[in-house]
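One letter stands for each residue in the lines below.
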Number of protein chains: 2
Amino acid sequence: MSTPFTGRKIPAYDLLDETALARIEDQADWILDKIGVEFRGDQRALDYLAQAGARVDGERVRFEPGHARALCGTAPAEFQLRARDPVKTVILGGDNVVLMPGYGSPFVSDLANGRRYATLEDFRNFVKLAYSAPALHHSGGTVVEPTDVPVNKRHLDMLLAHLTLSTKPFMGSVTAPERARDSIEMARLVFGEVMDRHAVMQANINVNSPLIYDETMSSALRIYAEAGQCVCVSPAIFAGAMGPLSPAAVAAQTLAEAIVGIALTQLVRPGCPVVFGSFHSSMNLRTGALTFGVPVRSGGGQITASNAPDGQAMQDSTGAIWSTLLSGAHQVWHAAGWLEGGLVMSYEKFIMDLDHCGAMLKLLQGFDSDDEAFGRDAYFETGPGENFLSTCHTLRHYTTANFEPQISDAGPFETWSESGALPADQRSTARWHQMLNDYQQPEMKPGIQAALEDFVSKRKAQMPDEWY
Amino acid sequence: MSTPFTGRKIPAYDLLDETALARIEDQADWILDKIGVEFRGDQRALDYLAQAGARVDGERVRFEPGHARALCGTAPAEFQLRARDPVKTVILGGDNVVLMPGYGSPFVSDLANGRRYATLEDFRNFVKLAYSAPALHHSGGTVVEPTDVPVNKRHLDMLLAHLTLSTKPFMGSVTAPERARDSIEMARLVFGEVMDRHAVMQANINVNSPLIYDETMSSALRIYAEAGQCVCVSPAIFAGAMGPLSPAAVAAQTLAEAIVGIALTQLVRPGCPVVFGSFHSSMNLRTGALTFGVPVRSGGGQITASNAPDGQAMQDSTGAIWSTLLSGAHQVWHAAGWLEGGLVMSYEKFIMDLDHCGAMLKLLQGFDSDDEAFGRDAYFETGPGENFLSTCHTLRHYTTANFEPQISDAGPFETWSESGALPADQRSTARWHQMLNDYQQPEMKPGIQAALEDFVSKRKAQMPDEWY
């Protein structure tokens, strides 16, 4: 049973008025015209942009106001990200909200074993947990860094895990051109020609903010765009470090940086599906309201700098996902597990976050105000001072009225005490063990599984181990 | 140093469209016309309403559509709640957001001593803590139940504490007519004739939902309204028990119940300052968007049913205050300390909540999009790939750019581990001890202090102890 990603029914929150939004767009235009963006070491990217009319000066690229934005016009507003299991296919854009697990942590922690380097086993565990979680719609990418695998071979094991242990959409490698190509080739072993017409995977292109696309990122961007796969262009700006410290300036710089990457995808392959990403720290609210016709990914699902899955962690995480979901974001990275500024993926926090994802997805469904919702018949059954619990209206709806959490405990203090007085993080331990225990690997044609494993072992044999 | 309650700069979130709001208002009219509200045992209230044209049948009162609402027309949209220290005076309504501590818990807990019945010492402690907290603008009412004082004498000790240990606005007793009168008399010893022109205290009138005003509540309402003091009319509806289980129905019933109480305040004393309260459980978002011309109080600042100040508690609390503040509420009950569905006031959660209140007040200030915010000069000082930390723009603004929490710890794992690996609740213990230690009682004219103490001891001497 999955919690639907479709049909968000409550509106996005308009933090800023039209004047402020226009000023942010003007500032983005100003940055691209007067300062520009550098593509370092990628002559092909520079050629694409020069040919499209940008002012290229060495590695610096500048645009007349409005020009870069106009180049983005062929990007689709909404598109499918096809999954191996058709019921897991998601639509990015529109009224949809796709939740994903955390990304990129070199460490994991659980309450029994503490904090330690993440391994391939942890990676596979989190793929299984995300597959088992109704509130997550996507398998993620580098859910944790499998640090026990050589750096140059990790992508092979990660893709194998996403493709065989889950049927949800996933992300490919971007850390080197050959790793991007391997990712696409492995996906092709599973999806075949579908990939000529549809995106089946995503690549996260981090801008090296401020205002730099390095060769690794821009070539990965080009490789995925050439293959017609989904590119997510993600400026990651810590206010005051990679940009001015004010939220308006960070929003404008994000827009400027993202526009250029999105423009490049469209020059490489017009119509290539693309997602506008953002990751800001020290911003209180994400300005998802930017008027831009592609899906928007928000960086911070349930993020925190806390060192433990404690009250601070959940305070931070809950605030972050409220701002993210109210901003109107279409895709939410890091919706579960993230701890310690992303250094750690916590098994227990993953479970607590899932509970909250479920509640938030229910909230996105809004509420009805039709005749049935008002339950007038119940007022004739009862009266002032009387109880509504046994009215026909309550009986018609009580099973679906509220979200039922797994971890949250609203029972009496006495019962809770007698069960050991466990705080939420300790109650979560049993849950992730149970989920891994109950996990059943989805079926795959034996030939495909063998082809994938064969690809991985052949590629591994072609390369010496690199550890850094 | 107080965090201002004034000048909210970000808009309320419009969860519902005009059609849905109109349907909720129609449903409220329907309830008041076809079902009605009962005033039990309060003939004077029934007389007021009959004289104003309501259809009174025994204790049941019904209204033609729109009539009850029209009777509310003299209630002010915005008014002062005067404090003993003028700089602590707050304005309820408009762009203001007034945060208050929890209300009504019979138990307290702290990590060292666990969960226990609250005493007068705890009450005084929480008055001191709220006085010391920059993020709280109000001393609250029954911040905890002083269970070691006879029930019929508690209000005297509580009022004495609010009036002498704090200078922030406060609430009076409503649990019996003579207790309401005592509260007003004690306030008059401090404020004198100011009370003829201004509200200096609030009374929380809980509707006995569904659709009942009992004699205790409606007579307290009349007593405070006669004295021109602020009445907060608070339907408290658990969806499915005191009303239908759907959020739209609960919103409509809340509106219906509140309108009648507000109408009564205006019949007793036209222009009496009044606040529209609400407390719903099992609602995901409060519909603060109700188009009603008086200040709105939202029940749930940082509320939770959790049995410990753990991740669940802060997940619940953070979600609740996001919905509360985005709803546009003007006054927020239970912004700090509430645990276990209100049964417990937690010292440590109080501290964690204060941190979050400070952050949320910062968020309500929104952000600028003027030229200075965009920091164009910084882009000329640095360039693509360079750091903004030492730019003049950063130096001009870094001290005020971000909220600086007291408890939240974003430092490295190693430092945190070496300091004992304390989760947020454990880090909060030292803070509340420190605040109580640093607390200094505000000055009061000796004659006034003596008069208050004299009043309390005389009234106590007039009554036998009642313990239930």
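First, a word on what this report is: a plain description of the structure on this page. Just so we're clear, the structure is a prediction, and the values are computed from it rather than from any experiment.

Moving on to the overall build of chain A. On a plain count of helices and strands, chain A comes out with 17 helices and 18 strands. Within the span of chain A, comprising 468 residues, buried residues form 62% of the whole. Excluding contacts between residues fewer than 6 apart, the proportion of contacts in chain A whose partners are at least 24 apart in sequence is 73%. Put simply, chain A shows about 16800 Å² of open surface, and 51% of that area lies on carbon and sulfur atoms.

Where like charges cluster on the molecular surface, the negative patch consists of D14, D17 and E18 of chain A together with D14, D17 and E18 of chain B. Within the secondary structure layout, E18 of chain A lies in helix α1 (residues 18-35).

Here we come to the sheet that holds strand β18 (residues 344-346) of chain A. All names here are of chain A. Ordered in space as β8-β7-β18-β17, the four strands form an open sheet in which the pairing is mixed. Each end of this open sheet is capped by a strand with a single partner; those strands are β8 (114-117) and β17 (338-339). Where strand β7 (residues 107-110) and β8 come together, four bridges link them in antiparallel fashion. In the strand pairing of β8, D110 is matched with G114.

After a rotation of 180° and a shift along the axis of 0.0 Å, chain A superposes on chain B with an RMSD of 0.0 Å. Both copies are brought into coincidence by an operation consistent with a two-fold rotation axis. Residues of chain A ranked by C-alpha distance from the rotation axis are headed by G311 of chain A, positioned 2.1 Å from it. By residue overlap, the copies meet face to face through one surface: 100% of the interface positions of chain A are interface positions in chain B.

On to the interface of chain A and chain B, then. Opposite the 96 residues of chain A that make contact, chain B presents 96 residues. Buried area between chain A and chain B, summed over both chains or domains, comes out near 7600 Å², and the portion from carbon and sulfur atoms is 65%. Inspection of the region where chain A meets chain B yields three salt bridges. We note a salt bridge from R23 of chain B to D371 of chain A, for which the minimum N-O separation is 2.7 Å. Our count for the chain A to chain B interface comes out at 35 residue pairs in polar contact (both at pLDDT 80 or more). At ten residues, the largest contribution of residues to the side of chain A that touches chain B is made by helix α10 (residues 311-326) of chain A. For the side of chain A that touches chain B, the class distribution of residues is 47 nonpolar, 29 polar and 20 charged.

Moving on, we come to helix α9 (residues 247-268) of chain A. Structural remark: α-helix, 3.6 residues per turn; residues separated by three or four positions point the same way. Spanning 22 residues, α9 of chain A covers 32 Å between terminal C-alpha atoms, matching the ideal 32 Å at 1.5 Å per step. Burial runs high along α9 of chain A: 21 of the 22 residues are buried.

Our focus in this paragraph is helix α11 (residues 347-364) of chain A. Residue and element names in this part refer to chain A. Between the first and last C-alpha of α11 there are 26 Å, a value that for 18 residues agrees with the 26 Å anticipated at 1.5 Å per step. For α11, the buried fraction is high: 16 of the 18 residues fall into the buried class. In this structure S346 caps α11, since a side-chain oxygen of it lies 3.3 Å from the backbone nitrogen of E348. Looking one or two places after α11, you find G366, whose phi comes out positive at around 65°.

In this structure, P210 of chain A follows S209 of chain A across a cis peptide bond, with omega equal to 5°. Tracing the backbone shows P210 of chain A in the loop between β10 (201-207) and β11 (212-214). The phi torsion at E340 of chain A lies on the positive side, around 55°, for a residue other than glycine. Here L211 of chain B, not a glycine, exhibits a phi torsion of approximately 65°, which is positive. Position of L211 of chain B among the secondary structure elements: in the loop between β10 (201-207) and β11 (212-214).

This next bit is on the packing of helix α1 (residues 18-35) of chain B against helix α9 (residues 247-268) of chain B. Between two packed helices, what matters for the description is the angle formed by their axes and the separation of those axes. All names here are of chain B. Look at α1 against α9: their axes get within 8 Å of each other, and the N-to-C directions meet at 55°. Put simply, α1 runs oblique to α9. Considering how the two elements wind past one another, α1 and α9 form a crossing that is right-handed. Mapping the contact onto sequence places I24, E25, Q27, A28, I31 and L32 in α1 and A248, A251, A252, Q253, L255, A256, I259 and V260 in α9. Tallied by class, the residues present in the contact of α1 with α9 amount to eleven nonpolar, two polar and one charged.

A full pass over the atoms with the stated rule returns 22 aromatic pairs over all chains. The interplanar angle of 70° and the centroid separation of 6.0 Å between the aromatic rings of Y379 of chain A and W30 of chain B together place this pair among those described as edge-to-face. With Y379 of chain A in helix α13 (residues 376-381) and W30 of chain B in helix α1, the pair connects residues from two separate chains. Residue Y379 of chain A is classed as buried on the basis of its relative accessible area of 3%. Judged by relative accessible area, W30 of chain B falls into the buried class, the value being 12%. The structure contains a cluster of three or more aromatic residues connected by ring pairs, namely W30 of chain A together with Y379, F380 and F388 of chain B. One Lys or Arg, R115 of chain A, reaches over the ring of F107 of chain A and ends 4.1 Å from the middle of that ring.

Residues and elements named next belong to chain A. Within the element layout of this structure, Q202 appears in strand β10. Take Q202: its relative accessible area is 0%, and that puts it in the buried class. In terms of polar contacts, Q202 uses its side chain to reach the side chain of Q331, at 2.6 Å. Leave out the neighbours within four places in its chain, and Q202 touches L81, L92, H138, F170, M171, G172, C230, V275, Q331 and W333.

This part is about the sheet that holds strand β3 (residues 60-62) of chain B. All names here are of chain B. Spatially, the four strands line up as an open sheet ordered β2-β3-β1-β11, and their pairing is mixed. Two strands lie at the open edges of the sheet, namely β2 (55-57) and β11, each paired on one side alone. Strand-to-strand twist across the sheet, computed as the mean angle between neighbouring axes with direction ignored, equals 25°. Here strand β1 (residues 37-40) pairs with β3 via two bridges, running antiparallel. Within β3, the residue paired with E38 across the bridge is R60.

Let us now look at the environment of F63 of chain B. Residue and element names in this part refer to chain B. Structurally, F63 is set in the loop between β3 and α3 (67-71). Judged by its relative accessible area of 1%, F63 is buried. Once the C-alpha coordinates of F63 and T167 are considered, the two residues, 104 residues apart in sequence, prove to be 41 Å apart. Not counting chain neighbours up to four residues away, the residues in contact with F63 comprise L32, D33, L49, A54, R55, A68, L71 and V260.

Moving on to the environment of P295 of chain B. Residues and elements named next belong to chain B. The topology assignment puts P295 in the loop between β14 (279-281) and β15 (297-298). When its relative accessible area of 1% is taken as the criterion, P295 is described as buried. The spacing of P295 and S2 is 293 residues in sequence and 22 Å in space, taken between C-alpha atoms. If we ignore the near neighbours within four places in the chain, the residues touching P295 are P76, A77, F79, L92, G93, V274, V275, F276 and H330.

Bringing the pattern of salt bridges into the picture now. Counted under the stated rule, the structure contains 43 salt bridges over all chains. Close ionic contact of E145 of chain B with R154 of chain B constitutes a salt bridge, the shortest N to O distance being 2.8 Å. A relative accessible area of 24% places E145 of chain B in the partly exposed class. Its relative accessible area of 13% is what places R154 of chain B among the buried residues. Here the residues in one salt-bridge network are D33, K34, R55 and E64 of chain A, joined through shared partners.

Parameters at a glance
Residues numbered from 1 in each chain as written. Chains lettered and ligands numbered in written order. Predicted model: local features only at pLDDT ≥ 70, side-chain atom pairs only at ≥ 80, totals over all residues. Heavy atoms only, no water. Helix = DSSP H or I, 4+ residues; strand = E, 2+ residues; numbered from the N terminus. Buried < 20%, exposed > 50% of the residue type's maximum accessible area, 1.4 Å probe, protein only. Contact = heavy atoms within 4.5 Å. Areas by Shrake-Rupley, 256 points an atom, 1.4 Å probe, with all protein chains shown as cover. Patch = residues over 30% accessible without salt bridge, like charges linked within 9 Å, V, L, I, M, F, W, Y side chains within 5 Å. Salt bridge = Lys/Arg side-chain N within 4 Å of Asp/Glu carboxyl O. Lys, Arg positive; Asp, Glu negative; His and termini not counted. Charge placed at Lys NZ, Arg CZ, Asp CG, Glu CD. Pairing = 2+ DSSP bridges. Least-squares fit on C-alpha atoms with pLDDT ≥ 70 in both. Buried area = accessible area lost by both parts, 1.4 Å probe. Polar contact = N/O pair within 3.5 Å; in protein donor to acceptor, adjacent residues only side chain to side chain. Nonpolar A, V, L, I, M, F, W, Y, C, P; charged D, E, K, R; others polar. Expected span 1.5 Å × (residues − 1). Axes fitted to C-alpha atoms, helices over the stretch in contact; angles between N-to-C directions. Parallel < 35°, antiparallel > 145°, perpendicular 65-115°, else oblique. Left-handed = near helix turned anticlockwise from the far one by under 90°. Phe/Tyr/Trp six-rings, centres within 6.5 Å; stacked < 30°, edge-to-face > 60°. Lys NZ or Arg CZ within 6 Å of the ring centre and 35° of its normal.

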